[in-house]
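Topology and contacts: notes
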Amino acid sequence: MPQVARCAGQAPIAISRRLAAAVEVVDAFPGSTAVVDPNGVIVAVNAVWERFGRDNGRGAGEAGDVGRNYLEYAAIERPEGAGEGRRVTDGIRAVLTGTRERFEHTYPCHGRDVERWFRCDVRALNGDAGVAGAVVTHIDITHEVASAVHSDVRLHQLAEVAEGIGAYWWDWRIDEDLMAFSPALARRLGPPGASLSSRTFMRRCVDPRDHGVTASLLDRLRAGELDTFDHEFRLLAVDGPQWVHSRGQVARTPTGRAKRVVGITLDISERHALSDELARERADSRKMALVAERTDNGVIITDPDGRIDWVNAGFERLSGYLLADLTGWCLGDVLQGEATDPDTRARLAKAIADRQPIKLEIVNYHKSGRPYWVEIDQQPVFDAAGVLAQFITLQRDITETKRDAGLHAVREVGLRHTLDGHDLSQTLPDVVSALEPAFIDAHLAVLIAAPDGDALHCLAGPSLPDSVRTRLDRVPVGKTGGLLGLAGRGQRACAADLTADPYWSAAAANGPADGLVDCWAEPMIGFDGRQQGVMALFFSRRTKVEASTIAFVERAAHALGNLIERDDRETALRRSERHFRALAEALPVFVSYIDRNLRFGYTNASHDAFLGVPRGSLQGKPMRSAFSAETWPTVAGQAAQALAGERVSTTTARVYWDGRQRQMKVTYIPDAGDNGAVAGFYCVVEDISEFHRREAELHRAKEQAQASSAAKSAFLANMSHELRTPLNAVIGYSDMLRAELLGPIGNETYKGYIDDIHASGKYLLNLIEDVLDLSKLDAGARALAQEQVPVESTVREALVVLGLADDPRVRVEVGPEVAARGDALALKQVLVNLIANAAKYAPGAAIRIAGWRDGGACIVEVADAGPGIAPEQVPRITEPFYTVDQGSWVASDSGGGTGIGLALVKRLVEEMGGRMGIDSVVGQGTTVTLRMRTLL
């Protein structure tokens, strides 16, 4: 066997191979570590152990030197309690004999100037023949113990709260897996109920029906997934299963690991089993339990004089003060301030002096200086002898509730004033007074734009000093008006310093600022998104920008903006109603309004006069009273359609009370709201008897005109036929004479006459052709095709017909892809007429023919640089036979024009579904634009 002696003067010690391996690496162990054999004799120690012994004289180091029996040192009685040495020795022997794998215990080791705590961890070294020895490690846990002591202090305070409300406290140390219970709870659980492992607790103390959920929650607490434990389950007490409500808070190490859970358990068996009468008898007990359960609210424990002993974390978050800041102080001395109502404060002090419970609402101040509303529920707690032991106070933040109440008051007060018929100048001061308490210590003002829109004036600010209201009487909109003026342009100002505001600084020269130092300015936006003015908040303290405050300021400004907008709408509605009544009374038609119950709500003067009834006598009466039994079923059906939201229009002929038969046009117009609901309908009745008579006359006149037009067209067709025959002879013979087919004429004068005869015949024939085409279009006798016509080739053909194909004056700007929908022959005729006019009446000037696609349309332009047309003549030049002076677009008789060409062009374009436009400037030229459809 190997021999090992780690310290001078010690005899060699026989050890096993397994133990020898541990000795070789002892210096690698953490903390102060020794290796002992199965009898407890120390066979090796690491450097930390040796150094600790030297630093502490005859302490653990000397007693733990190699060769000494560690069990003798461990058996020494400890300051932490009688019997502790024996418990430690038994634990170590259990490891050395193989009864348990590991033993831990915590002990103090205090020096002259410092208090220190250690954790001893004894682990078995298993060899081939059983336990070969053990490794003993001492680790300094002073920091953890200090943290645990702090938790123990909180546990002690929690225990006091629990005992005061009839509950039990418990403490689960997760690292040690040890649950400790208050003496009262331990008695309920039975022996040994003071401390148990979590597994033993589950097996012995939790009803099997609740094992699943309870075990899952404990596992999640152990894993660090939860921060709180809140669970109702059945506890196996000595007197049977009992329902309990258990709540606890997790404490964590600096690294975030869950190390401890401390909480209270409340017996709620009565809630599950007792009758309502017994529950009422225990109302006070449950009320105190409720205080302990509401951890999100502030809980304060004070002594009989109202001085603070303890507060929970919820109160610290609510007030900003820590327990150390408040211990020994009265709540009112720390939390209450300028905005706190003195009467409410006096009521609270009187309740403490009289040892009475009280519930009230009061303004407190946060440590930062921000005021907030709280609801206080303060209850005295008496001991068994009836002596006041303490007060338990629950504080709930009701700032948001007060804010909601303020917004509700805006709507309620505004509606009441509206119903009373008051205007804004009467409504807003009361509305502002109702809203101001929600802001606690602010002075609220409402500014709206002056009629000229250049300034804001204060319409309401009841709590503002007169000097401040005077400054707000006309604030310029924009930068000149400072933060209020910018808010008039829609720019918000939060917690702005009045002393740095240019408008306020300039105004301050005229008088004191009455202690106001901060201002919030919020644009008031209505439902329709338009700004209605500015809501201003003035403070005598510096404020901070917080998200909740901004949100409430926005809501309040929006509510005020909606109120002002609603007033504007109602004013406009009343004005519109007056206009409607004035218009309805002046109309010659019969107007009435019928509600959903088919009763008259309104009738105009014409309606009552026509029916021969006194003015207004039908209001409130059934609609049926104005109709006979024969006509009512038809009218009732039409009224039902109108009430269903359908607009109904009908014409009827009846004999009325004056014995005359009249043609009447009746229109039912539903009165539908924004949500589509129909409240009634308007009935508009128009006597169209005269209209029908005139319509019949017009119909007869139209028929006569159509007959005349047909006769005219027939006459023109016949005349053109009769004229063509002799004209063809004249033109033919003149052609023969001009060609001298039968021999020379010999006289040049006669040749001139023959040319004139030929030109006149051609002119007359063209005129007849145009007149015939125009008459065919008027009579609908010319059918035009609807096909895709390429514009470029059609333009080229027209130029060939006119002999202008190679004329340098003509420029064609039409792509091959441009096509129009219409008749190819008609489009060619149109282009021939337009190009011929341009060439004839703008001699020597350039002619441009352009075409392009514009979406689903085809655009064709014919433009010349000729003399142009006077503006007053442009609208008339497309009328048949209209001519203007020579040198303009259409020639007169002095220039050879007939006034039919453009009229024919316009008709052909319109028949093909297009439009023609003429743009002309005198001295610059004329452009004719055709807008035609395309098939693509």
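Looking at an unreviewed UniProt entry, one finds the protein chain named histidine kinase, with Rhodovibrio sodomensis as its source organism.

1. Structural notes on the packing of helix α28 (residues 824-841) against helix α29 (residues 901-911)
Running from N to C, α28 and α29 point in directions that differ by 145 degrees, and their axes come no closer than 10 Å. Two packed elements cross with a definite hand, and for α28 against α29 that hand is left-handed. Between α28 and α29, the residues in contact are A826, Q829, V830, N833, L834 and N837 and G901, L902, L904, V905, L908 and V909, respectively. Its residues assigned to classes, the contact of α28 with α29 shows eight nonpolar, four polar and no charged.

2. Let's talk about unusual backbone geometry
Even without being glycine, D177 reaches a positive phi, approximately 50 degrees. When its relative accessible area of 17% is taken as the criterion, D177 is described as buried.

3. Quick notes on the side chain of T265
Along the chain, T265 falls in strand β13 (residues 258-267). Looking at T265, its side chain comes within polar contact range of the side chain of W170, at 3.0 Å. One polar contact links T265 to S246, side chain to side chain, over a distance of 3.1 Å. If near-sequence neighbours (up to four positions away) are discounted, T265 is found in contact with A167, Y168, W170, V244, H245 and S246.

4. A look at a nonpolar patch on the surface
A cluster of nonpolar side chains, contributed by Y733, M736, L741 and L742, occupies part of the molecular surface with about 510 Å² of accessible area. In this fold, L742 is placed in the loop between α25 (689-739) and α26 (748-779).

5. Quick notes on the packing of helix α17 (residues 399-419) against helix α18 (residues 424-435)
Contact geometry of α17 with α18 gives a least axis separation of 8 Å together with a crossing angle of 155 degrees. Classified by the angle their axes make, α17 and α18 are roughly antiparallel. Two packed elements cross with a definite hand, and for α17 against α18 that hand is right-handed. The segment α17 lies against α18, with G406, L407, A409, V410, V413, G414 and H417 engaging Q426, T427, D430, V431, A434 and L435. When the residues that make up the contact of α17 with α18 are grouped by side-chain class, the tally is seven nonpolar, five polar and one charged.

6. Some words on the sheet that holds strand β17 (residues 371-382)
Strand pairs in the sheet, formed through backbone hydrogen bonds, run parallel or antiparallel to each other. In space, the five strands of this open sheet follow the order β15-β14-β18-β17-β16, with antiparallel pairing throughout. The open sheet has two edge strands, β15 (308-311) and β16 (358-365), and neither has a second partner. Sheet twist, expressed as the mean angle between neighbouring strand axes with direction ignored, is 30 degrees. As judged from the three bridges shared by strand β14 (residues 298-302) and β15, these two strands associate in the antiparallel manner. By the bridge assignment for β15, I300 is matched with V311. Against the sheet, helix α16 (residues 342-353) engages β16, β17 and β18 (388-397), with an angle of about 130 degrees to β16.

7. Some points on empty space enclosed by the protein
For the structure on display, the rule yields five cavities of 30 Å³ or more. In this structure, the largest cavity occupies an estimated 170 Å³ of space. Along the walls of the largest cavity sit 16 residues, with W170, F181, F201, F233 and S246 positioned nearest its centre. Of all elements in the fold, only β8 (168-173), β9 (178-181), α7 (183-189), α9 (211-222), β11 (228-237) and β13 reach the threshold of two or more residues within the lining of the largest cavity. Class assignment of the residues belonging to the lining of the largest cavity gives a composition of 13 nonpolar, three polar and no charged.

Procedures and definitions
Residues numbered from 1 in each chain as written. Predicted model: local features only at pLDDT ≥ 70, side-chain atom pairs only at ≥ 80, totals over all residues. Heavy atoms only, no water. Axes fitted to C-alpha atoms, helices over the stretch in contact; angles between N-to-C directions. Helix = DSSP H or I, 4+ residues; strand = E, 2+ residues; numbered from the N terminus. Left-handed = near helix turned anticlockwise from the far one by under 90°. Contact = heavy atoms within 4.5 Å. Nonpolar A, V, L, I, M, F, W, Y, C, P; charged D, E, K, R; others polar. Buried < 20%, exposed > 50% of the residue type's maximum accessible area, 1.4 Å probe, protein only. Polar contact = N/O pair within 3.5 Å; in protein donor to acceptor, adjacent residues only side chain to side chain. Patch = residues over 30% accessible without salt bridge, like charges linked within 9 Å, V, L, I, M, F, W, Y side chains within 5 Å. Areas by Shrake-Rupley, 256 points an atom, 1.4 Å probe, with all protein chains shown as cover. Salt bridge = Lys/Arg side-chain N within 4 Å of Asp/Glu carboxyl O. Parallel < 35°, antiparallel > 145°, perpendicular 65-115°, else oblique. Pairing = 2+ DSSP bridges. 1 Å grid on protein atoms, 1.4 Å probe; cavity = no way out; pocket = protein on both sides within 12 Å on 5 of 7 lines; lining within 4 Å. Points joined across faces, edges and corners; volume = space filled by probe spheres on them.

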